[in-house]
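Here's the letter readout for the chains.
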Amino acid sequence: MTLRDAAEALAGAALQDVPACLLAHAVRPGVRAALLRARGAAWEATGAQEAPAALPGSAALWAGRAARAAQEGHFLYEEEEGGGAWAAAPLPGGPGQPITAVLLVAYDAPPSPEDQDTLRTLAALGGLALCAGKAVAGATERTQHLMSVSPIGIAAGTPDGQLVEVNDAYLNLLGFSRAEFEAGQIDWLALTPEREREADAAAFERAFRTGDSGWYEKTMLNRSGQSLPVEVYLLRASEGDRLLVVGYVRDLREQRRTERLTEELRRSQADTMRAQLALSTQRLTHSEESLAQREGDLTRSAEKLAASEASLRRSEGGLARLAEQLHTQNVQLEARTMVLEGFATLTRDLTRDTDLYALIRRAQQFTLTLLPQGFAVYYEPAGGLWRLKSQVGDLGSPELQRVLDAGISYEGTPNLLIPWQSLQPYYQEAYDHDADGLPEATAQLQTTATLPVLVSGRPRGIFAIGLNSAQPWSQADKVVLESVAQSLGVALEHVEQAQELQRHAAALEESNAALQARTRALEAFADLTRDLAQESDALTLVGRTQDAIVKLLPHTFSTYYEPGGDLWALQSHRGRFHDPALLARLEAGLPRGGAHNLDEPFATGEARYQHQYDAQSTPAVARVQLSAVRASAALPVMVNGQMRGVLGVGRQEARAWTAADQQLLSAVVFSLQLALDRAEHAQTSVRRTQELERSNRELEQFAYVASHDLQEPLRTITSFAELLARRFNTDADPKVERYARHITEGTARMQQLIQDLLTFARVTADRQPPQRVQPADLLRQVRADLQSQIEQAGATVSAGPLPPVLASPTQLRQLLQNLIGNALKFRAPGRAPQVQVSAQREGDWVRLSVQDNGIGIDPAYHERIFTVFQRLHGREQYLGNGIGLSVARRIVEGHGGQMGVDSVPGQGSTFWFTLPSGERRAEVRAGGPGSAAGGEG
């Protein structure tokens, strides 16, 4: 393909299709290509059509070449030792824009200089296509808005009559609702009468062939079937592969009415002329008959010759006067025709001008071409007076000019008030000087016409004509004056609509600019929020917040104060101070009660904004030091509901705080408060955790020491009880033996409790580093230790495959022994115990289970049984102190795992626990898997 083909393809491609189109024109036999785009500091492909998989070498190599081409900003080309070559062509991003895309090409053989030039041009075309696509995408939204507010009907549809988009003006013109359009009930071909469809088809064909049809007039049918005169302009368009036509439809009813009035005036003048011509012809015929009669009399009477000649001379004089009269009337008719043509031109021009009072002045100038001996004035009511807004012609009285320039009474001027209130023209062929209360100033005024100018059905002003000579208003004069006033009202309405469109467009541009600024602010704010979430030091958090503020709001500096005794102490500041002496003064502290910018927000909890900084709000600082501060903001900072300090922002340019500025500052301070709350909670949690760990260590040490020290008194009590029993004759007094037995049994239980307490304390104190162990090996040792109990109970202990775990061998052996021992102890009467040990992998953890067929446990006690010294049965039923399960859970949790039980009373129990898998070589995690945490225990 040629470069022309590539340019045409790229120009017609949608934004998302430009990369594929660009690569399609770059790749050919012996040439491979890819498109990389910048993503932060990395260069990577964004779609399958852009992937560099076909390029030789690594993706990192090509990404480096792309980054180099973008940084240097020009075409790169190198030949390789193997005979190949590569090139990198950056795609321009537009004036002042960075390069964000690079076209990379690998050649099997070095290309010619022409091929290199072609690649450069292709990259430039691709850059232009991307820029154009972005511009089109940005303009689409503005175009849709302008279409929605346009006063001209706009419709887009397919050639077969299906509408795909219309604006409200189009629907209002034809009397349809938006719901009917969305339901597909409007066929724009059916809205054209049958007799005009051939001409309509020709216009469509012209639009498809040349791109537009030009303006042409036609008739359309509204929803009720009534004919509407319209002017239509068709444009060829497309939506993907579908061909569309966009039509602009302008209502011609008002123009037709004006033309009709003009034609009626023209016909009236023509009828008058024809009547006058007929009368003149009749008089001429009568004169000719008289002349013939007199010529016949000459043959009969010579005496009457002189009289006949005199009569003939009189008749010739009458014909001359008649011819002169006809000439005068012709001249007047031609002049009036020229005026009517000028009026048509004025009507057309009034719809094009955009200056309201320029329109009014042109209408006045045109009117005075009909009445050159008069003057034209235009009034609008304001403040209880009629104000002169436009004037053409001399009033003929300096006094009247002075009065009109100063304004005349609204209620006291009926010549203006009557047409304003009645909405009808008001003609005075003999002006009433006394009615308006200006008899002396208006002495020269003889005839007036005052007409209301209506805009959208409401009066806008009064269009007035004054004549300083008495003259009746003819019907033709009235028609012209009323047409001028009506056309002026329509033109003013069009101008206001155009100005409203311009205001909407300007507001849209301003909104887009504000949106872009807000987007940049939100991006910076997101970075700030992320930074705040990763920091716990309070003043560091404040400093990062201030960095974000001075970055988002140029020409500002930020200060942060906290109360300290009688002063406001400056804790942190960011930004450049134009006067270093100001910073030095602020660092020295400000007096509390004498710095209103700080005192008020701290006391009320409300932000304080000064759009124009008042130096009196900080009297402790010299006025000269504050001269660079033009506006200020002070926002209170609260932590956990308590006032902590005040964040200040000073602006060093004359600009008020906008609503967007205030919202931004409020959001930034709110995020700072959340971060400070989190940091304080985190510090509190750390302190509490340290206190709990210290307390636990002290309690464990106390339990260990106390239980160890209690052993000696118990041994003493037992020894002396035995000595007393031997000292006294137990046969003579049975009570002695019973008392001695009670003492011995009590001390034995006490010793067992102390031993259990020591065991519980040693779980933490004697913990060994975890190592890779095989639970199956430890299970064999436990079975050997419990062999006598197993045989005595007639129990069976079996196990499935047990994967290796990371644990303390001694503690895991104790854990298994406690669980299997409980299964043997709490067996069901009349049923041989069956104990099954199993395991399963759960990610980085192993879940081990010990299942029995014993008496089971009521679900209400599933947590209670893990509490130290808690028993569900009396000692006469089952021996023990209720510490075995507590020790078991403490061992599991010490390894970072979890433990629980599933049980059905009368059927048995399954105790499960999780330990780190021995397959991983990593430190023990602090918590177990979520499935074990919420599983069956």
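What counts as what
Starting afresh in each chain, residues are numbered from 1 along the sequence in its written order. The model is predicted, so local features are restricted to residues of pLDDT at least 70 and side-chain atom pairs to those at 80 or more, both for listing and for counting; the totals for chains, interfaces and linings are taken over all residues. Based on all heavy atoms of the structure, the side-chain values leave hydrogens and waters out of the count. Think of it this way: any DSSP run of H or I at least four residues long counts as a helix, any run of E at least two long counts as a strand, and we number them from the N terminus. Burial status follows relative accessibility: with a 1.4 Å probe on protein chains alone, a residue under 20% of its type maximum counts as buried, one over 50% as exposed, and anything between as partly exposed. Note on contacts: a residue pair qualifies if any of its non-hydrogen atoms lie within 4.5 Å across the two residues. We get accessible surface area from the Shrake-Rupley algorithm with a probe of 1.4 Å; when it comes to residues, only the shown protein chains can shield them. In plain words, nonpolar cores are sets of buried Ala, Val, Leu, Ile, Met, Phe, Trp, Tyr and Cys residues tied together by side-chain atoms within 4.5 Å. Pairs of strands are assigned from DSSP output, requiring at least two bridges between the strands. In this analysis an axis means a line fitted to C-alpha atoms, helices contributing only their contacting stretch, and an angle means the value between N-to-C directions, from 0 to 180 degrees. The pairing test for Phe, Tyr and Trp rings, Trp by its six-membered ring, is centres within 6.5 Å, and the orientation test on the planes gives stacked under 30 degrees, edge-to-face over 60, and tilted for anything in between. Throughout, the arc means that of the directions going from the helix axis to the C-beta atoms. Here a polar contact is taken to be a pair of N or O atoms separated by no more than 3.5 Å, where protein atoms must pair a possible hydrogen donor with a possible acceptor and residues adjacent in sequence count only if both atoms sit in side chains. Working rule for handedness: look at the near helix, and if it is turned counterclockwise from the far one by less than a right angle, call the crossing left-handed; if clockwise, right-handed. In this classification, the charged set is Asp, Glu, Lys and Arg, the nonpolar set is Ala, Val, Leu, Ile, Met, Phe, Trp, Tyr, Cys and Pro, and all remaining amino acids, among them Gly, are polar. Orientation labels follow simple angle bins: below 35 degrees gives roughly parallel, above 145 gives roughly antiparallel, 65 to 115 gives roughly perpendicular, and whatever is left gives oblique. Confidence scores here are pLDDT values: one per residue, from the predictor, ranging 0 to 100. Just to be clear on terms, a salt bridge is a Lys or Arg side-chain nitrogen sitting within 4 Å of an Asp or Glu carboxyl oxygen.

**Student:** Hey, could you run me through the overall build of the protein in this one?
**Tutor:** The helix and strand tally for the protein stands at 23 helices and 29 strands. Classification of the 937 residues of the protein by burial places 39% in the buried group. By sequence separation, contacts in the protein at least 24 residues apart represent 60% of the contacts at least 6 residues apart. A total accessible area of about 49900 Å² is found for the protein, and carbon and sulfur atoms account for 52% of it.

**Student:** Looking at this structure, I do not really get the nonpolar core. What am I missing?
**Tutor:** Buried together is how nonpolar side chains tend to be arranged in soluble globular proteins. Of all hydrophobic cores here, the largest spans 37 residues; its most connected members are Leu812, Leu815, Met899, Phe911 and Phe913. With 7 residues, helix 21 (residues 809-825) is the largest single contributor of residues to this core. In contact with leucine 815, not counting residues within four places along its chain, are Ala888, Ile891, Val892, Met899 and Phe913. In this structure, Leu356, Leu371, Ala376 and Leu492 belong to the second largest nonpolar core, which totals 28 residues.

**Student:** Help me understand the sheet that holds strand 15 (residues 447-455) in this model?
**Tutor:** The pairing of strands in a sheet comes from backbone hydrogen bonds and takes either a parallel or an antiparallel form. Pairing is antiparallel in the open sheet, where 6 strands are placed in the order 13-12-11-16-15-14. Among the strands making up the open sheet, the edge pair consists of strand 13 (408-409) and strand 14 (426-428). Sheet topology note: the strand 12 (residues 385-392)/strand 13 ladder contains 2 bridges and is antiparallel. Across the sheet, the residue bridging to tryptophan 386 is isoleucine 408, located in strand 13. Its contacts with the sheet place helix 11 (residues 398-406) against strand 11 (374-382), strand 12 and strand 13, and it is angled at close to 120° to strand 12.

**Student:** Which parts of the structure should I look at to understand the packing of aromatic side chains?
**Tutor:** By convention here, two paired aromatic rings are described through the distance between centres and the angle between planes. By the definition in use, this model includes 9 aromatic pairs. Considering the side-chain rings of phenylalanine 204 and phenylalanine 208, the 6.4 Å spacing of their centres and the 70° angle between planes classify their relative orientation as edge-to-face. Placement of both phenylalanine 204 and phenylalanine 208 in helix 7 (residues 197-210) is noted, with a separation of 4 residues, approximately one turn of the helix. The class for phenylalanine 208 is partly exposed, based on a relative accessible area of 25%. Ring geometry for tyrosine 427 and tryptophan 473: centres 6.2 Å apart, planes at 55°, overall tilted. Of this pair, tyrosine 427 sits in strand 14 while tryptophan 473 is found in the loop between strand 16 (458-467) and helix 13 (475-533), placing the two residues 46 residues apart along the sequence. Overall, tryptophan 473 belongs to the buried group, its relative accessible area being 5%. Members of the aromatic cluster, connected to one another through ring pairs, are Trp386, Tyr410 and Trp420.

**Student:** Mind showing me how you'd approach helix 11 here?
**Tutor:** Since the α-helix packs 3.6 residues into each turn, any two residues three or four apart lie on the same face. Along helix 11, the positions that sit buried rather than exposed are Leu400, Val403 and Leu404. Looking straight down helix 11, one finds that the buried residues subtend no more than 95° of arc, so they occupy a single side. Summarising the geometry of helix 11, the exposed residues directed more than 90 degrees from the buried face are Pro398 and Asp405. Of the surrounding elements, those touching the buried residues of helix 11 are strand 11, strand 12 and strand 13. Directly after helix 11, the chain includes glycine 407, whose backbone phi takes a positive value near 100°.

**Student:** Would you mind showing me how to read the side chain of histidine 895 here?
**Tutor:** Counting through the fold element by element, histidine 895 comes out in the loop between helix 22 (884-894) and strand 28 (899-904). From its side chain, histidine 895 meets the backbone nitrogen of serine 808 in a polar contact 3.0 Å long.

**Student:** What is the right way to read the packing of helix 21 against helix 22 from this model?
**Tutor:** What describes two packed helices is the angle between their axes and the distance between those same axes. Where helix 21 contacts helix 22, the axes come no closer than 9 Å and their chain directions differ by 145°. When you trace helix 21 past helix 22, the crossing you get is left-handed. Counted together, Gln811, Gln814, Leu815, Asn818, Leu819 and Asn822 of helix 21 and Gly884, Leu885, Val887, Ala888, Ile891 and Val892 of helix 22 form the full contact between these two elements. Along the lines of polarity and charge, the residues of the contact of helix 21 with helix 22 split into 7 nonpolar, 5 polar and no charged.

**Student:** Whenever I open this one, the environment of glycine 211 confuses me. Can you help?
**Tutor:** Looking at the element boundaries, glycine 211 is found in the loop between helix 7 and strand 8 (216-221). Residue classification places glycine 211 among the buried residues on the basis of a relative accessible area of 15%. Between the C-alpha atoms of glycine 211 and arginine 236, which are 25 residues apart in sequence, the distance is 5.0 Å. Apart from residues lying up to four places away in sequence, glycine 211 is in contact with Arg206, Leu234, Leu235 and Arg236.

**Student:** Would you take a moment to explain the sheet that holds strand 3 (residues 76-79) for this structure?
**Tutor:** Spatially, 5 strands are ordered 2-1-5-4-3 in an open sheet, and the strand pairing comes out antiparallel. The open sheet is flanked by strand 2 (42-44) and strand 3, the only strands paired with a single partner. Across this sheet, the average inter-strand angle for adjacent strands is 20°, counted without regard to direction. Where strand 1 (residues 31-39) and strand 2 come together, 3 bridges link them in antiparallel fashion. Looking at the pairing, arginine 39 lines up with alanine 42 of strand 2.

**Student:** Please clarify how unusual backbone geometry should be interpreted in this entry.
**Tutor:** Note: most residues except glycine have negative phi, and most peptide bonds are trans. A positive phi is found at serine 456, a non-glycine position, where the angle reads about 60°. Mapped onto the secondary structure, serine 456 falls in the loop between strand 15 and strand 16. Judged by its relative accessible area of 43%, serine 456 is partly exposed. Phi at histidine 555 is positive, roughly 60°, even though this residue is not glycine. Along the chain, histidine 555 turns up in the loop between helix 14 (538-552) and strand 17 (556-564).

**Student:** I keep staring at the packing of helix 19 (residues 775-785) against helix 21 and nothing clicks. Help me out?
**Tutor:** Two numbers describe how helix 19 lies on helix 21: the axes approach to 9 Å, and their chain directions differ by 55°. Taken together, the axes of helix 19 and helix 21 are oblique relative to one another. The element helix 19 and its partner helix 21 pack so that their crossing is right-handed. Here Pro775, Leu778, Leu779, Gln781, Val782 and Asp785 of helix 19 lie close against helix 21, whose contacting residues are Pro809, Leu812, Arg813, Leu816, Gln817 and Ile820.

**Student:** Can you help me understand the pairing of strand 11 in this one?
**Tutor:** Here is the key point about a regular strand: its side chains alternate between the two faces of the sheet. Of all 9 residues that make up strand 11, 7 are buried, and the element is covered over most of its length. Examined bridge by bridge, strand 11 and strand 16 share 6 bridges and lie antiparallel to one another. Across the sheet, tyrosine 379 pairs through a bridge with isoleucine 462, a residue of strand 16. Taken together, the 7 bridges between strand 11 and strand 12 define a ladder with antiparallel strand orientation.

**Student:** What is the right way to read the confidence of the model for the protein from this model?
**Tutor:** Averaged over all residues, the pLDDT of the protein equals 79, while 75% of them reach at least 70. Every residue in residues 331-336 is under pLDDT 50, and counting partners more than four places away or in other chains gives 5 contacts. The low-confidence segment residues 921-937 (pLDDT under 50) makes 36 contacts with residues lying over four places distant or belonging to another chain.

**Student:** When you look at the pattern of salt bridges in this model, what are you seeing that I'm missing?
**Tutor:** Summed over all chains, the structure comprises 28 salt bridges. Residues glutamate 231 and arginine 250 are paired through a salt bridge, measuring 2.6 Å at the closest nitrogen-oxygen approach. You can see glutamate 231 sitting in strand 9 (residues 227-239) and its partner arginine 250 sitting in strand 10 (residues 242-251), a full 19 residues away along the chain. On the basis of relative accessibility, which here comes to 14%, the residue glutamate 231 falls in the buried class. A salt bridge links arginine 651 to aspartate 661, with the shortest nitrogen-to-oxygen separation between them at 3.5 Å. With arginine 651 in strand 22 (residues 642-651) and aspartate 661 in helix 17 (residues 659-727), this residue pair connects regions lying 10 residues apart in the sequence. By relative accessible area, aspartate 661 is classed as buried at 8%.

**Student:** Explain the pairing of strand 4 (residues 85-91) to me, please; I cannot follow it from the model alone.
**Tutor:** With 7 of 7 residues buried, strand 4 lies mostly within the body of the structure. Here strand 4 shows a buried face lined by Ala85, Ala87, Ala89 and Leu91 and a second buried face lined by Trp86, Ala88 and Pro90. Across 4 bridges, the pairing between strand 3 and strand 4 is antiparallel. Bridging across to strand 4, tyrosine 77 finds its partner in alanine 87. Joining the antiparallel neighbours strand 3 and strand 4 is a turn of 5 residues, in which glycine 83 adopts a positive phi near 105°. Judged from the 7 bridges that link them, strand 4 and strand 5 (residues 101-107) form a sheet pairing that is antiparallel. Considered in strand 5, the bridge of tryptophan 86 is made with alanine 106.

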